[in-house]
Structure formats: C-alpha cells, structure tokens
Amino acid sequence: MKFSGKNVLVTGASRGIGAEIAKVLAGYGLKVWINYRSNAEAADKIKEEIEANGGEAAVIGFDVSDEKAFVEGIKTIIDSDGELSYLVNNAGITKDKLAIRMSVEDFEDVIKANLTSAFIGCREALKAMSKKRFGCVVNISSIVGETGNAGQVNYSASKGGMITMTKSFALEGAARGIRFNCITPGFIATDMTKELKEDIKKAYIEKIPLRRFGDPKEVAEAVAFLLSDHSSYITGEIIKVNGGMYM
Ligand code: NAP
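Every chain is numbered independently, its residues counted from 1 as its sequence is written. Owing to the predicted nature of the model, reporting of local features is limited to residues with pLDDT of at least 70; listing and counting of side-chain atom pairs is limited to 80 or more, with chain, interface and lining totals taken over all residues. Hydrogens are left out, water is left out, and the side-chain values use all remaining heavy atoms of the structure.

### Some details on the packing of helix H3 (residues 67–81) against helix H4 (residues 104–132)
Following both chains from N to C, one finds H3 and H4 inclined at 35°, their axes separated by 10 Å at the closest point. For the crossing formed where H3 meets H4, the hand is right-handed. Touching Glu67, Phe70, Val71, Ile74 and Ile78 of H3 are Ser117, Ile120, Gly121, Arg123, Glu124 and Ala128, all from H4. Taken together, the residues of the contact of H3 with H4 break down into six nonpolar, two polar and three charged. To obtain each axis, a line is fitted to C-alpha atoms, and for helices this fit is confined to the stretch in contact; angles are then taken between N-to-C directions over 0 to 180 degrees. Helix numbering and strand numbering both begin at the N terminus, where a helix is a DSSP run of H or I of at least 4 residues and a strand a DSSP run of E of at least 2. Left-handed describes a crossing whose near helix is turned anticlockwise from the far helix through less than a right angle; right-handed describes the clockwise counterpart. Contacts are assigned to residue pairs with any non-hydrogen atoms lying within 4.5 Å of each other. All amino acids are sorted into three groups, where Ala, Val, Leu, Ile, Met, Phe, Trp, Tyr, Cys and Pro are nonpolar, Asp, Glu, Lys and Arg are charged, and the leftover types, Gly among them, are polar.

### Description of the pairing of strand E1 (residues 7–10)
Only protein chains enter the area calculation, which uses a 1.4 Å probe; residues under 20% of their type maximum are buried, those over 50% are exposed, and those in between are partly exposed. By the alternation rule, side chains of E1 split into Asn7 and Leu9 and Val8 and Val10, which are all buried. The definition of a right-handed crossover adopted here requires that, viewed with the strands pointing away, the path from the first strand over the helix to the second runs clockwise. The parallel pair E1 and strand E2 (residues 31–36), bridged by helix H1 (residues 16–27), forms a crossover whose chirality is right-handed. Only strands that DSSP links by at least two bridges are regarded as paired with each other. Inspection of the sheet shows E1 paired to strand E4 (residues 86–89) by three bridges, in the parallel sense. Counted as the bridge partner of Val10 is Val88 from E4.

### What to know about the site of the ligand
The ligand sits among 31 residues. The nearest are Ser14, Ser38, Asn90, Tyr155 and Thr190. Counted as a polar contact is a pair of N or O atoms within 3.5 Å, where, for protein atoms, one must be capable of donating a hydrogen and the other of accepting one, and residues adjacent in sequence contribute only when both atoms are in side chains. Note that an oxygen atom of the ligand is positioned 2.9 Å from one of the side-chain N or O atoms of Arg15. Residue-level accessible areas treat just the shown protein chains as cover; the underlying method is Shrake-Rupley with a 1.4 Å probe. The protein chains hide 96% of the 900 Å² of surface that the ligand would expose on its own. Per-class residue counts for the shell around the ligand are 13 nonpolar, 13 polar and five charged. When at least one non-hydrogen atom of a residue lies within 4 Å of a molecule or strand, that residue is treated as near it.

### Looking at the sheet that holds strand E3 (residues 56–61)
Pairing is parallel in the open sheet, where seven strands are placed in the order E3-E2-E1-E4-E5-E6-E7. Bordering the open sheet on either side are E3 and strand E7 (238–241), each of which pairs with just one other strand. Strand after strand, the sheet turns through a mean of 20° between neighbouring axes, direction not considered. Alignment of E2 against E3, held across six bridges, turns out to be parallel. Pairing of Lys31 across the sheet is with Glu56, part of E3. Contacts from helix H6 (residues 153–173) reach E4, strand E5 (135–140), strand E6 (178–185) and E7, with the element oriented near 160° to E6.

### Some details on H3
An α-helix turns once per 3.6 residues; consequently, residues spaced three or four apart project the same way. A helix is expected to span 1.5 Å multiplied by its residue count minus one. The terminal C-alpha atoms of H3 lie 21 Å apart, and with 15 residues this matches the ideal 21 Å at 1.5 Å per residue to within 8%. Within the sequence span of H3, burial applies to Phe70, Gly73, Ile74, Ile77 and Asp81. Seen from one end, H3 has its buried residues packed into an arc of 90°, which puts them on one side. Exposed side of H3, more than 90 degrees from the buried face: Lys68 and Asp79 are the residues found there. Looking at the packing, one finds that the buried side of H3 touches E1, E2, E3, E4 and H4. A side-chain oxygen of the first residue of H3 lies 3.2 Å from the backbone nitrogen of Lys68; this N-cap is Asp66. Positive phi shows up at Gly82, right after H3, with a value of about 85°. Arc, as used here, means the arc of the directions from the helix axis to the C-beta atoms.

Encoded structure:
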C-alpha cells in the first residue's frame, strides 16, 4: 500500500479496532500516534508490539471529547513531526438502553464521545492539513448509523450524524486536496461486542450473510486503503465492512 504522508493519529487505539488500525498502518510504514483515554498500559503494549515488528509509534493520551485536550494533542504531534498527514477518528462508546428509559444525559454523553469528538478531530485536521494542501481523514461510524437499532437511539444518532458530517467535511476539504471518508463496520469481535449474550450473538450471526462477526483487521485494511494513495479519487464515501449484513 502506497502512502504520500508520513504519520497518522488513531484515536482510541489502546484496544479493539483502533489498536488493529494502528498495527496495520505501522506495518505499511506510517509513524502511528496511539491515542487512549484511560488505559496507558494497554497503549504502551501496542507501541511495543509495533516497534518489535520494526514500526514506529508514539503514545498520546487524551479524552477526545475534551476539545482543549484534543486540540493540544494535535499540536503536540505537529510540533514533533512537522505535520499531521492522516487522522482516524475511531474512539467511541456505547450506553445502550431502550429510548423510554434513556436520560438526556445518556443521549448527550454518547453524542459528545462519538460525534462531537469526531467533529473536533476533523476540524483540527482540516486546519492543519490545509497548510500542506494534503491529508486524509477516516471516521469510524457504524452499521447502526445506517440502519438504526433498538436500544441504541443515542449511539445510532451519533454514528448516523458522523456519516453526513463526513460528506460535509469532504465538500469543504476537496478544494484543498484533503479527503474525508467513513467506514461503517458491522459486528466486529472486540470488547464492545464481547458483552453480548450468546443467544443474541447467534441471532445476529444468522442475519450476517458471511455468517460470522468481523475481525478488527478487516476494518483496519479498509481504513488503510482509504488513507492510501490507492484511493486518491475517493472522498465523501462510506465503505461498509459488515459481512453483507446491510447492503
Ligand atoms: P472498544 O473495544 O470498546 O475500544 C474503544 C477504544 O476507544 C478504547 O481504546 C478506548 O480507550 C477508546 N476511547 C473511548 N472513549 C474515548 C475517549 N473519550 N477518548 C479517547 N479514547 C476513547 O471499541 P471497538 O469495538 O474497538 O470500537 C472502535 C470504534 O468502532 C468505535 O467508534 C465503535 O463505535 C466502532 N464500531 C465498533 C463495532 C464493533 O462491533 N466492535 C461496530 C461498528 C462500529 P480506553 O480503553 O483508554 O478507554
């Protein structure tokens, strides 16, 4: 995979899909900034793994829903490397509940962690990348941002918002050569889906044409393609990585 840029910030990269994105991108030769919120030890382990495989990585802890901290984090990267070539807005949370039991706080917490954070990242990336007239952002949305899901009014709103926000950023960034794309994973085997009860997992698998949950690596390779020079004419696009669950 060919990349014209040199570094990438992956938010929420201490575990799950983010950690795999970090490892895959380091494998393609990018310097990876591993962001985490609370688990510094897990982030350090990912850095060690990348370095053991001959890659380059740095750890940067901040809460993506804290505007000041996110802005400061991107500044630290640019002060260190002279630029931010790529950004992957991956960090995300769920707070599932049926809508009739969901408080405004439950709703807003998820919007802030998933959507407002991605807005801050996209905005700061657009500013920084505009100076170089080069850069690319991938936002990790979700299949439920396309379909909706019972028990996830907050999460689906955050991920659906991310899809149209990505298209709007793509329109604003295009004249400056900056691309914004989105991935909508289906059910991927991480901590986020580990908690699902076995019978519920089974019911979901029956609805997936490929008859299994996805592997984080399968999302990571799609991210790599969207950041790479191989997708240089693709912007404002949504790539589904969902085993055919929603076509
Ligand atoms: P995960 O295993 O729960 O990992 C979440 C990661 O995000 C962790 O590294 C966590 O860091 C970090 N994080 C959460 N809130 C953060 C914040 N405010 N600031 C900085 N980091 C934060 O989740 P995942 O399954 O890998 O999901 C990754 C992304 O894919 C999410 O956006 C999720 O919505 C999306 N997605 C997942 C699936 C799936 O089936 N797994 C499907 C569709 C979409 P700490 O450990 O330090 O808290």
